[in-house]
Amino acid sequence: MILKILKRVVSYLLVLLGLSVFVFILVRVMPGDTARLALGPRAPEETVQALRREMHLDKSIPVQYYYWLKGILQGDLGTSVISKRPITEDIAFYLPATVELALLSAIFMATFGILLGVTATKYSEKWPDAIIRVLSYLGIVAPAFLWAVLAMLLFAYLIPILPVSGRISAGIAPPVTRTGLYIVDYLLQGNFAGAWDAFRHLVMPAIVLSFGGISQSARICRASMVSNMEKPYAAAERAYGIPENKILYKYLLKPSLNSFISVTALDIAMLFGGAYLVESIFNYPGLSRYGLTAMLNKDVFAVSAVMLVDGVIVIGFNLVTDIIISFLDPRIRYSSST
Amino acid sequence: MESCPNKIDISQVDVSRIPRRNAGENIRKLWYKFSLNRVSVVGLALILLIAAAAIFYRSIVPYPEHIGAMVDFKNACMPPSWQHLCGTDQAGRDILSRIIYAFRGALTMGVVAILAILPLGGVLGLVAGYWNGRFVSNLIMRVADVFLSLPTLILVMCVSSIMTPSTRNAMLAISISWWPWYTRLVYGIVTSTRNEVYIRSAEVLGANVWHILLKEILPNALGPILTKMTLDFGVAILAGATLSFVGMGEQPPAPSLGAMVSAGVGYLPDQWWMAVFPALAIMLIVLGFNLLGDGIGDMLSDAE
């Protein structure tokens, strides 16, 4: 078991190394003269030369990669061309906001995914099932940014109950940073009004972001529950007269969760991709909006940093999912221990 | 091993009496299975309609001159009316005309980008699956893992951000980011059929490697590929729309659905039609491909 997990860790580390090579080629080699890009077209030639020497750009490409990777492992991601600050600082500032958003979306995704999936199973082939199926199609056919536009129109202009931009309202002091997650920080301070305000700002982007994932996970949950429903043990439970809801939530849900977890975990990791446009539409100061600004301004250092951070998050998620699934499923748990 | 009592003696079977289905009959049978699911037929109709509108746009578009860089500020921001079914945009151009023309870009972006990368992704998957465990296979699959370790949308955006924004580069970015999905799909199918008796027999008979790969193994993979491809057309169109939403796709004045939505967002809520109709157009086209893809998947899985 432990050996298997270790093997996984090693293979994911290799993927991470591969990702760093890919990012290096894509962002450092392909755009051409990195030093010139970093300093802008009007910088004097000697400054560019000096930066080239400092960044080891005058060496061969493998040597450049070595220095680049060494810098990253020491926490030096370079300086952003736009914000003129070290990218590590920028990321430390923006990442918690995105994590908070993604966490809330993930909670929505898991709860609503399971609830809708179980409801669709319970009323399988009846009208609630049909409604849920239509909803899940809607979630799949429209990307998060379209839902963001529609949700803004609905909840901010037609029925103005939710704020449309930022993390907190103007006039409310940001919390003392402990975790970087505003809701948690406010709660730690005992400032419930602040926590509520931060939550209100988060709700709409989080729902919009989780919509596609909810549809997907509800579909997966329904599919595996319906197929488990036909197994003899479900019929036996029904014959014993166990209440339908108890059969569904207690006995059917657990064996059906496997595929649900692997798909939903992937969706949660993919949230970081969908967050790009949602964050910039809601003007939410997260890592994805930072990354998008960097892309649009050709800030290659910041782009490569964001790619690496996103890659680490997704790979980490995959690893955790593998471990969770192998603990959850006795078939995998026991087969691997021998 | 005891001999089975019901065993058929192959030499006694008259091969000529086994009915052989011809291609036409197969297609008719498949179409019958496909048509049983009304929803997929709707999807097919939707896609055909959109494709026809995109191809024959000249004869449908109500205001052909509104497609390019035209300004008519007298009629700017007009709400939907009988003259302009979807209203007009900030420069007074008919939104419906621009949507119909933008279907061309959307379809090309999604369909061509996927079709262009399919052979490469597929062949890599065939090679990796057939020589599974060898160095080539490991190399291909690990490179695919690296590409798949980033969310596809991020990858598409990062790749296109380092290139100059244009339709061709947006398609290139989609292609570069998409091939590993097909490699992984084909790889899975090949490794599972790799040790079937008929493949082994072909090898023993000394069949050419490419014959085995293309004629014996590939047909197993065609169904799943076709299904995934149809669904992916929709996803790739979404990716293209996302790119043009942020300005990395098709460049103005040529209309593109994503750019129209992003221009319209600034006019919410009063001039809602500017963002909502292009958004609905994106949903419609993606919905069509999703319904069609699900239908094709059902059709081929039941076909056995």
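Our subject is the structure that appears above.
Because the structure is predicted, anything quoted here is derived from the model rather than measured. (Residues numbered from 1 in each chain as written. Chains lettered and ligands numbered in written order. Predicted model: local features only at pLDDT ≥ 70, side-chain atom pairs only at ≥ 80, totals over all residues. Heavy atoms only, no water.)

(A) Focus on the packing of aromatic side chains. Using the criterion set out here, one finds 15 aromatic pairs over all chains in the structure. Aromatic pair A:Y65 and A:W68: ring centres 6.1 Å apart, planes at 35°, arrangement tilted. You can see A:Y65 and its partner A:W68 sitting in helix α4 (residues 61-73), 3 residues apart, about one turn around the helix. Each member of the pair, A:Y65 together with A:W68, is buried. Each ring, one from B:Y57 and one from B:Y101, has its centre 5.0 Å from the other, and the planes form 70°; the classification is edge-to-face. One end of the pair, B:Y57, is in helix α3 (residues 57-60); the other, B:Y101, is in helix α4 (residues 95-130), and 44 residues separate them in sequence. Given the relative accessible area of 11%, B:Y57 is considered buried. (Phe/Tyr/Trp six-rings, centres within 6.5 Å; stacked < 30°, edge-to-face > 60°. Helix = DSSP H or I, 4+ residues; strand = E, 2+ residues; numbered from the N terminus. Buried < 20%, exposed > 50% of the residue type's maximum accessible area, 1.4 Å probe, protein only.)

(B) Structural detail: a nonpolar patch on the surface. Taken together, the side chains of A:W127, A:I131, A:V134, A:L135 and A:L138 make up a nonpolar region of the molecular surface, amounting to roughly 510 Å² of accessible area. The residue A:L135 is located in helix α6 (residues 127-141) in this model. (Patch = residues over 30% accessible without salt bridge, like charges linked within 9 Å, V, L, I, M, F, W, Y side chains within 5 Å. Areas by Shrake-Rupley, 256 points an atom, 1.4 Å probe, with all protein chains shown as cover. Salt bridge = Lys/Arg side-chain N within 4 Å of Asp/Glu carboxyl O.)

(C) Spotlight on the interface of chain A and chain B. Contacts between chain A and chain B engage 38 residues on the former and 37 residues on the latter. Summing both sides of the interface, chain A and chain B together bury roughly 3,400 Å²; the carbon and sulfur share of this comes to 85%. The largest contributions to the chain A side of the interface with chain B come from A:Y137, A:V141 and A:M295, which together make up 16% of the buried area. Along the contact surface separating chain A from chain B lie 1 salt bridge. A salt bridge links B:D294 to A:R219; its shortest N-O distance comes to 3.1 Å. Joining chain A to chain B, the criterion identifies 2 residue pairs in polar contact (both at pLDDT 80 or more). When residues of the side of chain A that touches chain B are traced back to their parent elements, those giving at least two are α1 (2-29), α6, α7 (144-158), α11 (244-281), α12 (287-296) and α13 (300-328) of chain A. No other element matches α11(A), which puts 8 residues into the side of chain A that touches chain B. Along the lines of polarity and charge, the residues of the side of chain A that touches chain B split into 31 nonpolar, 4 polar and 3 charged. (Contact = heavy atoms within 4.5 Å. Buried area = accessible area lost by both parts, 1.4 Å probe. Polar contact = N/O pair within 3.5 Å; in protein donor to acceptor, adjacent residues only side chain to side chain. Nonpolar A, V, L, I, M, F, W, Y, C, P; charged D, E, K, R; others polar.)

(D) Inspection of the layout of surface pockets at higher detail. Taken as a whole, the largest pocket encloses approximately 1,500 Å³ of empty space. Around the largest pocket, the lining comprises 38 residues; the ones closest to its centre are A:I140, A:Q216, A:D267, A:M270 and B:V235. Of all elements in the fold, only α6, α7, α9 (192-229) and α11 of chain A together with α6 (152-161), α7 (167-193), α9 (209-246) and α11 (273-302) of chain B reach the threshold of two or more residues within the lining of the largest pocket. Considering every element that reaches the lining of the largest pocket, the biggest residue donor is α11(A), with 8 residues. When its residues are assigned to classes, the lining of the largest pocket shows 24 nonpolar, 9 polar and 5 charged. (1 Å grid on protein atoms, 1.4 Å probe; cavity = no way out; pocket = protein on both sides within 12 Å on 5 of 7 lines; lining within 4 Å. Points joined across faces, edges and corners; volume = space filled by probe spheres on them.)

(E) Expanded view of the side chain of A:E100. Residue and element names in this part refer to chain A. Structurally, E100 is set in helix α5 (residues 87-122). E100 sits in the buried class, given a relative accessible area of 6%. In this view, E100 contacts R167, L181, Y182, I183, L202 and Y284; residues no more than four positions away in its chain are not counted.

(F) Expanded view of the nonpolar core. Counting residues in hydrophobic clusters, the biggest one holds 159 residues, and the most contacted among them are A:M307 and B:I285. Ranked by the residues each element gives to this core, the list is headed by α9(B), at 15 residues. Lining this core are residues from two domains, each supplying at least three of them: domain 1 (2-73) and domain 2 (93-332) of chain A. Look past the residues within four positions of A:M307 in its chain and what remains in contact with it is A:L19, A:F22, A:V23, A:L26, A:V27, B:L150, B:L155 and B:C158. (Core = buried A, V, L, I, M, F, W, Y, C linked by side-chain atoms within 4.5 Å. Domains from an automatic or database assignment.)

Interpretation in functional terms is not warranted from these geometric data alone.
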